[in-house]
Amino acid sequence: MRILHVVAGLPSAGGGLSELVPLFALEAVRLGHDVTIATVARDDEPFSAAAQAAAAGGVRIVRFAPSFPRALFFSWEMRRGLSTLVRAADIVHVHSNWTFPVWWGSHCGLKAGKPLVMSPQGCLDPVRLEHSAWKKRLVGLFDRRSLRQAAVIHATSEMERDWIEQYLGKGPRIAVIPNGIEISEVGPALPKPEGRVRKALYLGRLHPLKGLDLLLDAWRMACPAGKTGWQLVIAGPDEQGTRERLEPQARRLGLENVAFVGPLYGEQKAKALAEADLFVLPSRTENFGIAVAEALAAGLPVITTKGTPWSEIANSCGWWVDVNAAAIGKALAEGLGLTDAERAAMGRRGRELVAAKYRWDAVGRSMVGVYQSLVERG
């Protein structure tokens, strides 16, 4: 098959879709298919590490120069040139919502009579829909039409399936396929020296929806000021001035054992996971939560909330708790109170879970199976 992915951008520090789309594409190439990614980017703009690896692995990446207004990833070049790529494809897969590449990719795919797959990737979360709500209601006229005409909508979890049906009503064909992880690239937790400071790690965007304000309150409950032996490490790029609000909160709570270390990528990210003893994702809402899969693959017990779809970790390799500081704090206290051996045993179970359900080879086969069924149906 000839598969065309359309995504707004693949920036080097983007995370999210800039990592996931190239990995979906690369897995399809490994399965013997011809794959192109169309995106909006300047000629001198560096791509994500995943996009570079995909290109080296045989994925063709086509850049279309950005135009005004940049906020919508508009591109006159894409407006003129995308239809040529669409006509050459057997399947068109468009990612996310609310941007010009989504609208134009969907339009071109439908006009050419190509099977259209759409992946909202969390954009239809009711909580996110409330942010800039009037803008999303306005531009949502385009998105809603495309979603209803898509051959398949890809949801990353049952929770996201519910969001899609809530937004569109019953009727669209929805395929639930999780995002994947290259488990071979994430080593299990390594033995750590005695007497060291143990670490609870948050790794992701610093954004209001990530619940880091709840995490700081929870950390104060579980690890009060003056208690030694543990450190909370908060790593990730700052968005919407979130760090400027979190650091004063930490000082106000007297939390001297909290470190904000900025974004970590590549070897630095792998090192942070290897050095951690516990992982925390306190999100108010997540359509999937790839950070949870990465932490489980690294052999770490995970604490996350019921705002994420990770119920399966409860009572096995982590805690799945209500979205409030008290519940997160209780889970932290339990996690900090375990022995190293008990945490290691939880970590092994988590790694087994990821290996069984979330490897890219299995996820990629599932997505290609969806493509093949659509092409065979014509």
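Residues numbered from 1 in each chain as written. Predicted model: local features only at pLDDT ≥ 70, side-chain atom pairs only at ≥ 80, totals over all residues. Heavy atoms only, no water.

Chemist: In this structure, what is going on with the pattern of salt bridges? I would like to understand it.
Modeler: Side chains bearing opposite charge may pair, as long as their charged atoms lie close to each other. Under the definition given, this model contains 18 salt bridges. Residue Asp213 pairs with Arg284 through a salt bridge whose shortest N-O separation is 2.8 Å. Taken as a pair, Asp213 in helix H8 (residues 212-222) and Arg284 in the loop between strand S11 (278-281) and helix H11 (290-297) lie far apart in primary sequence, 71 residues in all. Given the relative accessible area of 28%, Asp213 is considered partly exposed. In this structure, Lys306 and Asp322 form a salt bridge, with 3.4 Å as the shortest nitrogen-oxygen distance. Highlighted residues: Lys306 in the loop between strand S12 (302-305) and strand S13 (318-321) and Asp322 in the loop between S13 and helix H12 (325-337), separated in sequence by 16 residues. For Lys306, a relative accessible area of 40% translates into the label partly exposed. (Salt bridge = Lys/Arg side-chain N within 4 Å of Asp/Glu carboxyl O. Helix = DSSP H or I, 4+ residues; strand = E, 2+ residues; numbered from the N terminus. Buried < 20%, exposed > 50% of the residue type's maximum accessible area, 1.4 Å probe, protein only.)

Chemist: Hey, could you run me through helix H4 (residues 100-111) in this one?
Modeler: Residues three or four positions apart in an α-helix share a direction because the helix packs 3.6 residues into each turn. For H4, spanning twelve residues, the distance from its first C-alpha to its last is 16 Å, which sits close to the expected 16 Å at 1.5 Å a residue. In terms of burial, H4 is largely enclosed, as nine of its twelve residues are buried. Phe100, Pro101, Val102, Trp103, Trp104, Gly105, Ser106, Cys108 and Gly109 are the residues of H4 that are buried. Phi turns positive one or two residues past the end of H4, at Gly113, with a value near 75°. (Expected span 1.5 Å × (residues − 1).)

Chemist: How should the nonpolar core be read in this particular structure?
Modeler: Soluble globular proteins: nonpolar side chains tend toward being buried together. Core analysis: the biggest nonpolar cluster contains 58 residues, and Trp219, Ile234, Phe279, Leu296 and Leu332 have the highest contact counts within it. Non-local contacts of Phe279, meaning those with residues more than four positions away in its chain, are made with Leu201, Tyr202, Leu203, Leu273, Ala291, Ala295, Leu300, Pro301, Val302 and Ile303. Counting 33 residues, the second-largest nonpolar core is a separate cluster that includes Leu4, Phe100, Leu147 and Tyr167. (Core = buried A, V, L, I, M, F, W, Y, C linked by side-chain atoms within 4.5 Å. Contact = heavy atoms within 4.5 Å.)

Chemist: Looking at this model, I keep getting lost on the packing of H8 against H12. Mind explaining?
Modeler: The description of two helices packed together rests on the angle between their axes and the distance between the axes. As a packed pair, H8 and H12 sit with axes 8 Å apart at the nearest point and diverge in direction by 50°. Taken together, H8 and H12 sit at an angle that is classed as oblique. Judged by the twist between their axes, the crossing of H8 over H12 is right-handed. Listed contacts from H12 to Leu214, Leu215, Asp217, Ala218, Trp219, Met221 and Ala222 of H8 are Ala325, Ala326, Ile328, Gly329, Leu332, Ala333 and Leu336. Taken together, the residues of the contact of H8 with H12 sort by class into twelve nonpolar, one polar and one charged. (Axes fitted to C-alpha atoms, helices over the stretch in contact; angles between N-to-C directions. Parallel < 35°, antiparallel > 145°, perpendicular 65-115°, else oblique. Left-handed = near helix turned anticlockwise from the far one by under 90°. Nonpolar A, V, L, I, M, F, W, Y, C, P; charged D, E, K, R; others polar.)

Interpretation note: all reported values are geometric properties and have no functional meaning in isolation.
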